[in-house]
Amino acid sequence: MLNSQSPGGSQSELVIRADIAAQSVVDHFGRRFLGLPRTHIGAVKHPSTRRESVAEWHYWWQAHYVDALVDAGQRELESGIRFDGDRRPSAGALASRLMTTIRLRNFLRYTNWFYDDMAWLALAAGRLDHLANAAHRGGRQRNQQAVNALRRALESAHTAQLGGGVFWSTKRDFKNTPATAPAALFFARQGQPERGQELVDWLNDSLLDGERGLYLDGLKIRDGEPVLVRAVYSYNQGPVLGALLELGGEANLERAAELVLAVEQHLSVDGVLLTHGHGDGGLFTGDPRAVSGAGGER
């Protein structure tokens, strides 16, 4: 039994909690795509019909599902025990099937219309590749194809317009924290720290609220002019924090420490992060890696 006296629990208890959560997601939402063998996709709700699972498509949800399976796969490597039982595929195998199925469901491409979504899948694909290497599994060519396709898309969205930053969507009328921060983290992890730092510098120069120490949502182009979108969300702070820590260096680490204090002071009550209301915005509160759009439903 988990220790009910401790909100966090011991490390072993947290691993148990994580595996139970992963099992629940796979059991309730994981399924084959169109019944095809060796495919895996996450349904948007439980229960759902096959028609609903095909018709309703949320690319970025699948990217986070890959990330969660990679976490489970890393725990499997450390423990030597499969998170969902020996008769089930390993977490790494499921993640590989999921990557393949994302491309299949997404009309045989890894890219989509939103650069923040693409950044999350790029990050997940990179982590899956490291897991596959550590576990001596196949699929690395596919992982690299995904990473490279998404890298090219993110590089194309990083332009000099509005002084830098990454566009949110292929409409290219909005540069924001949700797209720029995970892109910076991706470039930092993928051997392009100069580009990652350039994006972080743009965030600091263009979207950092100096009074509160938090990052605003973005810069939108209206009638050819930049308009600052001043909304503040906790889920925008987390990806910036990740990029700062990955890049490292005294200035970035100092800014990271300031950001943690700013979130505690302005975005939490008694140590609990504020929620972001209804719609998909409510899904992100408290998750330092999850992010979407401009806050709210698309």
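Residues numbered from 1 in each chain as written. Predicted model: local features only at pLDDT ≥ 70, side-chain atom pairs only at ≥ 80, totals over all residues. Heavy atoms only, no water.

Engineer: How should I be thinking about the pattern of salt bridges in this particular structure?
Structural biologist: Opposite charge on two side chains permits them to pair, given that their charged atoms come into close proximity. A full pass over the atoms with the stated rule returns 11 salt bridges. For Asp173, the salt bridge identified is with Lys171, shortest N-O distance 3.9 Å. Judged by its relative accessible area of 65%, Lys171 falls in the exposed class. A salt bridge links Arg255 to Glu258, with the nearest nitrogen and oxygen atoms 3.2 Å apart. Of this pair, Arg255 and Glu258 both sit in helix 10 (residues 250–266), 3 residues apart, which is roughly one turn of that helix. Where salt bridges share partners, they join Asp27, Asp84 and Arg88 into one cluster. (Salt bridge = Lys/Arg side-chain N within 4 Å of Asp/Glu carboxyl O. Buried < 20%, exposed > 50% of the residue type's maximum accessible area, 1.4 Å probe, protein only. Helix = DSSP H or I, 4+ residues; strand = E, 2+ residues; numbered from the N terminus.)

Engineer: Got a minute to help me understand the pairing of strand 6 (residues 225–232) in this structure?
Structural biologist: Successive side chains on a regular strand alternate, one facing one side of the sheet and the next facing the other. As defined by bridge partners, strand 5 (residues 214–222) adjoins strand 6 across 6 bridges and the pair is classed as antiparallel. Its bridge partner lying in strand 6, Ile221 is registered against Pro226. Taking the residues between adjacent antiparallel strands as the criterion, strand 5 and strand 6 are bridged by 2 residues, where Asp223 takes a positive phi near 55°. (Pairing = 2+ DSSP bridges.)

Engineer: Would you mind going over helix 10 with me for this structure?
Structural biologist: In this model, helix 10 (17 residues) spans 24 Å end to end at C-alpha, consistent with the 24 Å of a helix rising 1.5 Å per residue. Looking at the buried positions of helix 10, the neighbouring elements they touch are helix 8 (193–206), strand 4 (208–209), strand 5, helix 9 (234–247), strand 7 (268–269) and strand 8 (272–273). (Expected span 1.5 Å × (residues − 1). Contact = heavy atoms within 4.5 Å.)

Engineer: Before we go on, may I ask you to explain the pairing of strand 5 in this structure?
Structural biologist: The sheet contact formed by strand 3 (residues 174–176) and strand 5 spans 3 bridges and is antiparallel. Bridge assignment links Asn176 to a residue of strand 5, and that residue is Gly218. Relative to strand 5, strand 4 runs antiparallel, the two sharing 2 bridges. Bridge pairing in strand 5 places Asp209 opposite Leu214. In this structure, the hairpin formed by strand 4 and strand 5 is closed by a connection of 4 residues, where Gly213 is found at a positive phi of approximately 75°.

Engineer: Would you mind going over helix 3 (residues 59–79) with me for this structure?
Structural biologist: Since the α-helix turns once every 3.6 residues, residues separated by three or four places project in the same direction. Relative to the 30 Å expected for 21 residues at 1.5 Å per residue, helix 3 spans 31 Å between its end C-alpha atoms, a close match to the ideal helical length. In the stretch just after helix 3, Gly80 is the one whose phi turns positive, near 75°.

Engineer: Explain the confidence of the model for the protein chain to me, please; I cannot follow it from the model alone.
Structural biologist: The predicted coordinates ought not to be read in detail in places where the model reports low pLDDT. Mean pLDDT for the protein chain: 89, with 89% of residues reaching 70 or above. Residue range residues 1–6 is modelled with pLDDT below 50. Its contacts to residues more than four positions away, or to other chains, number 6 contacts. Within the model, pLDDT remains below 50 along residues 286–298, and this stretch shows 53 contacts once partners closer than five positions in the same chain are excluded. (pLDDT = per-residue confidence, 0-100.)

Engineer: Mind showing me how you'd approach the side chain of Asn236 here?
Structural biologist: Structurally, Asn236 is set in helix 9. There is a polar contact of 2.7 Å between the side chain of Asn236 and the side chain of Asp217. (Polar contact = N/O pair within 3.5 Å; in protein donor to acceptor, adjacent residues only side chain to side chain.)

Engineer: What am I meant to see in the packing of helix 4 (residues 91–105) against helix 5 (residues 115–134) here?
Structural biologist: How two helices sit against one another is set out by the angle between their axes and by the gap between those axes. Viewed as axis vectors pointing N to C, helix 4 and helix 5 meet at an angle of 140°, and their least axial separation amounts to 11 Å. In this view, helix 4 runs oblique relative to helix 5, as classed from their interaxial angle. With respect to the hand of their crossing, helix 4 and helix 5 are arranged in left-handed fashion. Across from Gly92, Ala95, Ser96, Met99 and Ile102 in helix 4, the residues of helix 5 making contact are Leu121, Ala125, Leu128 and Leu131. (Axes fitted to C-alpha atoms, helices over the stretch in contact; angles between N-to-C directions. Parallel < 35°, antiparallel > 145°, perpendicular 65-115°, else oblique. Left-handed = near helix turned anticlockwise from the far one by under 90°.)

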